[in-house]
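# Coordinate inspection notes
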Amino acid sequence: MSVPPPTPDPIAATLPPTGRIDIHAHLIPGVDDGCQTIEESLACVRLLKQNGYVGTICTPHMAWVDDLPECTPAHVAEWVSQLRRQLKEHGENYAIWPGGELRLFDGVIDWLKQHGVPTLAGSRCVLTDMWETRWPTYAIPAFRWLLDQGYQPILAHPERLNCPEELPARLVEVQAMGVWLQGNANCFTGAEGYHADIFVRQFLAEGRYRLLGLDMHRPDTLPSRFDGLDIAQRESGPKLVNVLTITAPRRDIFGLRG
Ligand SMILES: [Fe+2]
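Residues numbered from 1 in each chain as written. Predicted model: local features only at pLDDT ≥ 70, side-chain atom pairs only at ≥ 80, totals over all residues. Heavy atoms only, no water.

## Observations regarding the pattern of salt bridges
The full count for this structure, using the stated rule, is 14 salt bridges. One salt bridge connects Glu 92 with Arg 46, and the closest N-O pair in it is separated by 2.7 Å. Here Arg 46 lies in helix 2 (residues 38–50) and Glu 92 lies in the loop between helix 3 (73–89) and strand 4 (95–98), a separation of 46 residues in the sequence. What makes Glu 92 buried here is its relative accessible area of 12%. Across the pair Arg 208 and Glu 206 runs a salt bridge, and its minimum N-O distance is 2.7 Å. Taking the relative accessible area as the measure of exposure, Glu 206 reaches 43% and is therefore partly exposed. (Salt bridge = Lys/Arg side-chain N within 4 Å of Asp/Glu carboxyl O. Helix = DSSP H or I, 4+ residues; strand = E, 2+ residues; numbered from the N terminus. Buried < 20%, exposed > 50% of the residue type's maximum accessible area, 1.4 Å probe, protein only.)

Below, the structure is given as structure tokens:
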């Protein structure tokens, strides 16, 4: 099945056209290793607004069966509704949407059948990640299953995957299948390690990224991620970074013209 085009999102349609939208964030308080309290979430929103962001898709870690059993698409939708109310109560005008950072693992397809597919802001896009020291055998079947169901898989921060020897060829393979790649701003700072530092620049220069995300966790993690965006803009020009953080989310996830 081909992936249907996104339908226009009414909230995104009201946002200033020059504002950045983050598609990868651990903003919901108290659900994973991201923000722990509403005060931390509010502090992050204020920092995001100061740095040119107008909206965030909330993507808590999902399908960590033993560690985060409550983190399901249905619960994330509830938590985002609650956080929207709290932002409003605190006078923060900031758009948020539900999503998830789906951990690929041996068994992820059964998990998806049981809990549903965590799409980004009601689109067909699904943010995925994996944490192995070798490229795992379950990755291609999971991407294939999502594509066959009409979903658009996005692999988060591929530059951080801990299998540097085989990584470039594996990414060529999954991109040929139709998987999109999302780079992490923090990797431009060197804070995510040597290979991520090299690969993020290589993949950006090769035009491999469809989107660039912050992957913010708690307020103290944000300044480094904004530094990463600044570095990327200095090295590759603001136009490319703007496409990946402003145009692409509107076009690819929210069905709006960039
Ligand atoms: Fe993340």
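## Some words on the coordination of the iron ion
Taken together, His 24 (NE2), His 26 (NE2), Glu 101 (OE) and Asp 215 (OD) make up the protein donors of the iron ion, found 2.0 to 2.2 Å from the metal. Within one chain, the residues serving as donors to the iron ion are arranged as H-x1-H-x74-E-x113-D. His 24 sits in the buried class, given a relative accessible area of 0%. The exposure class of His 26 is buried, given its relative accessible area of 1%. (Donors = N, O, S within 2.8 Å, 3.2 Å for Na, K, Ca; no water.)

## Points about the sheet that holds strand 7 (residues 152–156)
Strand order in the open sheet formed by 6 strands is 3-5-6-7-8-9, and the pairing between neighbours is parallel. The sheet terminates laterally at strand 3 (61–62) and strand 9 (209–213), the two strands that pair on one side only. Sheet analysis places strand 8 (residues 180–184) next to strand 9, joined by 4 bridges and oriented parallel. What sits directly across from Asn 184, in strand 9, is Gly 213. Across the sheet, helix 5 (residues 139–148) touches strand 6 (125–129) and strand 7, and the angle it forms with strand 7 is around 145°. (Pairing = 2+ DSSP bridges. Contact = heavy atoms within 4.5 Å. Axes fitted to C-alpha atoms, helices over the stretch in contact; angles between N-to-C directions.)

## A closer look at the nonpolar core
Counting residues in hydrophobic clusters, the biggest one holds 69 residues, and the most contacted among them are Leu 27, Trp 135 and Leu 155. Ranked by residue count, the leading element in this core is helix 5, at 6 residues. Filtering out sequence-adjacent residues up to four positions away, Trp 135 remains in contact with Met 130, Ile 140, Leu 155, Leu 161, Cys 163, Glu 166, Leu 167, Arg 170, Leu 171 and Val 174. The next biggest cluster of nonpolar side chains, apart from the first, holds 20 residues, and it includes Ala 12, Leu 120, Ala 121 and Trp 180. (Core = buried A, V, L, I, M, F, W, Y, C linked by side-chain atoms within 4.5 Å.)

## What to know about the sheet that holds strand 1 (residues 20–25)
Ordered in space as 1-2-4, the 3 strands form an open sheet in which the pairing is parallel. Looking along the sheet, the strands with just one partner apiece sit at the ends: strand 1 and strand 4. Adjacent strand axes in the sheet meet at a mean angle of 20° when their direction is disregarded. Sitting on the sheet, helix 9 (residues 238–253) touches strand 1 and strand 2 (53–58), and the angle it makes with strand 1 is about 80°.

## Quick notes on the side chain of Asp 129
Looking at where Asp 129 falls in the secondary structure, it is placed in strand 6. No salt bridge is formed by the buried Asp 129; the nearest opposite charge belongs to Arg 103, separated by 6.5 Å. A polar side-chain atom of Asp 129 sits 2.9 Å from a polar atom in the side chain of Trp 131. Not counting chain neighbours up to four residues away, the residues in contact with Asp 129 comprise His 61, Glu 101, Leu 102, Arg 103, Leu 104, Leu 155, Ala 156 and His 157. (Lys, Arg positive; Asp, Glu negative; His and termini not counted. Polar contact = N/O pair within 3.5 Å; in protein donor to acceptor, adjacent residues only side chain to side chain.)

## Re the packing of aromatic side chains
Taken as a whole and assessed by the stated rule, the structure comprises 4 aromatic pairs. Aromatic side chains Phe 199 and Phe 203 sit 5.2 Å apart centroid to centroid with 10° between the ring planes, which places their arrangement in the stacked category. Of the two residues, Phe 199 and Phe 203 are both situated in helix 7 (residues 194–205); the distance of 4 residues between them amounts to about one turn of the helix. We classify Phe 199 as buried; its relative accessible area is 8%. With centroids separated by 6.1 Å and ring planes inclined at 75°, the aromatic side chains of Phe 203 and Tyr 209 adopt a geometry described as edge-to-face. Both residues of the pair, Phe 203 and Tyr 209, belong to the buried class. Every member of this aromatic cluster is reached through a ring pair, and the members are Phe 199, Phe 203 and Tyr 209. A cation over an aromatic ring shows up here: Arg 210 above the ring of Trp 180, its NZ or CZ 4.0 Å from the ring centre. (Phe/Tyr/Trp six-rings, centres within 6.5 Å; stacked < 30°, edge-to-face > 60°. Lys NZ or Arg CZ within 6 Å of the ring centre and 35° of its normal.)

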